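Here is what each chain is made of, one letter per residue.
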Amino acid sequence: MKTTRLAVLAFALPLVLGACREESATPEVDEAAAASAPATAPEPTPKPAPAPRAAAPVAAPTPPPVCENCGTVSSVASYQAKGEGSGVGAAVGAVAGGLLGNQIGGGSGKKIATVAGAVGGGLAGHEIEKRRNTSTYWEVTVQMDNGTTRTVQYPQAPGVTVGQKVKVIDGQLVLM
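In this text, all values refer to a predicted model and were calculated from it rather than measured experimentally.

K.L.:
How should the overall build of the chain be read in this particular structure?
P.N.:
Of the regular secondary structure elements, the chain holds 4 helices and 5 strands. Mapped in sequence order, the helices and strands of the chain form the string α-α-β-α-α-β-β-β-β. Evaluated residue by residue, the chain yields a buried proportion of 15% over its 176 residues. Taken as a whole, the chain presents about 13,300 Å² of accessible surface, with 62% of it coming from carbon and sulfur.

Encoded structure:
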C-alpha cells in the first residue's frame, strides 16, 4: 500500500504542478494504468515567441548628383555699346560745317564762321558716326544648381526668359 501511494504521488504530483501552470483542465488518467506506468516528466511548456526585432535604420536617400552645367535663368538684360569713330565721320562733318560756316557773314567774320563750322561739324560728325556704329548685346545671368552664377553674352536676343531651366554648353544656353 505504501508503494501504491508513492506511485500515485509520483504520478499525481507532476499533474498537479502542471495544472497550476496551465489554465486548461488536465485529462483524466486511469489510476490503475497510472500505478503500473512509470512516472513521466511533465511536458515542457512552449517557449514564448521571440520579441520582434527593431527594424534596421533606413539610410537617408542620397541626393541626386548636382549637374555642374545646369541652372535657372535669373535675369536677361540688354545693353547698348557705343561704337568707335574711325575719323571718317569727323572729316565729313568738318567739311560740311566749314561749307555752312563759309556761307555766314563776310570778311574776317566769314573766316571765323568757317573755322567754327569746321570744328563743330567735325565733332558732330564724329558723334554721329559713333551712334551709327552702336551695337546692342544681351547678358543672361544663370544661377547654377551648384550655387555659382554665370553670365553669358549674346549679340542678339537670346530667346530665353527668367525662370527657365538651362544647361550651359560651350558658352551657349540650351533649354532643358
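K.L.:
I would appreciate a short explanation of the state of the cysteines in the present structure.
P.N.:
Defined simply, a disulfide is a covalent bond joining two cysteines at their sulfur atoms. Evaluation of the coordinates by the stated rule reveals 1 disulfide. At a sulfur-sulfur separation of 2.0 Å, the disulfide partner of Cys 67 is Cys 70. Because the sign of the S-S torsion sets the handedness, a value of about 60 degrees for the bond joining Cys 67 and Cys 70 places this disulfide among the right-handed ones.

K.L.:
Is there a simple way to explain the sheet that holds strand E2 (residues 135–144) in this structure?
P.N.:
Within a sheet, neighbouring strands are paired by backbone hydrogen bonds and run either parallel or antiparallel to one another. Taken together, the 5 strands give an open sheet; going across it, the order is E3-E2-E1-E4-E5, and neighbouring strands pair in antiparallel fashion. The sheet is open, and its two borders are formed by strand E3 (149–154) and strand E5 (172–175), each paired with just one other strand. Sheet twist, expressed as the average angle between the axes of neighbouring strands with direction ignored, equals 40 degrees.

K.L.:
So what exactly am I meant to see when it comes to the environment of Arg 131 here?
P.N.:
As for its placement among the helices and strands, Arg 131 is situated in helix H4 (residues 108–132). The exposure class of Arg 131 is exposed, given its relative accessible area of 58%. C-alpha of Arg 131 to C-alpha of Gly 83: the two residues are 48 residues apart in sequence and 6.4 Å apart in space.

K.L.:
Before we go on, may I ask you to explain the nonpolar core in this structure?
P.N.:
By size, the foremost hydrophobic cluster in this structure holds 10 residues: Val 73, Val 140, Val 142, Met 144, Val 152, Tyr 154, Val 160, Val 166, Val 168 and Leu 173. Of all the elements in the fold, those that place two or more residues in this core are E2, E3 and strand E4 (165–169). The element that contributes the greatest number of residues to this core is E2, accounting for 3 residues. Beyond its immediate stretch of four places on either side in the chain, Val 166 contacts Asn 69, Cys 70, Gly 71, Val 73, Val 142, Val 160, Leu 173, Val 174, Leu 175 and Met 176.

K.L.:
Before we go on, may I ask you to explain unusual backbone geometry in this structure?
P.N.:
A negative phi angle is the norm for most residues apart from glycine, just as the trans form is the norm for most peptide bonds. Phi angles above zero are rare outside glycine, and Asp 170 is one such case at about 50 degrees. Topologically, Asp 170 is positioned in the loop between E4 and E5.

K.L.:
I keep staring at the environment of Ser 78 and nothing clicks. Help me out?
P.N.:
With respect to the secondary-structure elements, Ser 78 resides in strand E1 (residues 70–81). For the pair Ser 78 and Val 140, spaced 62 residues apart in sequence, the C-alpha to C-alpha distance is 8.8 Å.

K.L.:
Could you clarify how one ought to interpret the pairing of E4 in this entry?
P.N.:
On a regular strand, one side chain projects to one face of the sheet and the next to the other, so that they alternate. Along E4, the buried face is formed by Val 166 and Val 168; none of Lys 165, Lys 167 and Ile 169, which line the opposite face, is buried. Relative to E5, E4 runs antiparallel, the two sharing 4 bridges. The partner of Val 168 across the bridge, within E5, is Leu 173. A loop of 2 residues connects E4 with E5, the two strands running antiparallel in sequence, and Asp 170 in this loop sits at a positive phi of about 50 degrees.

What counts and how
- Counting from 1, residues in each chain are numbered in the order their sequence is written.
- For a predicted model such as this one, the threshold for reporting local features is a pLDDT of at least 70, and the threshold for listing and counting side-chain atom pairs is 80 or more; totals across whole chains, interfaces and linings nevertheless cover every residue.
- With hydrogens and water excluded, all non-hydrogen atoms of the structure serve as input to the side-chain values.
- The numbering of helices and of strands both runs from the N terminus, where a helix is a DSSP run of H or I of at least 4 residues and a strand a run of E of at least 2.
- Note on exposure labels: buried denotes an accessible area under 20% of the residue type's maximum, exposed denotes more than 50%, and partly exposed covers the range between, all computed with a 1.4 Å probe on protein chains only.
- Residue exposure ignores everything except the shown protein chains as possible cover, and the areas themselves are Shrake-Rupley values with a 1.4 Å probe.
- A pair of cysteine sulfur atoms is labelled a disulfide when the two atoms are within 2.5 Å.
- Criterion used throughout: strands pair if DSSP finds at least two bridges between them.
- Axis definition: a line fit to C-alpha positions, over the contact stretch in the case of helices; interaxial angles, taken between N-to-C directions, run 0 to 180 degrees.
- Only buried Ala, Val, Leu, Ile, Met, Phe, Trp, Tyr and Cys residues count toward a nonpolar core, and they belong to the same one when joined by side-chain atoms within 4.5 Å.
- Any pair of residues with heavy atoms lying within 4.5 Å of one another is described as a contacting pair.

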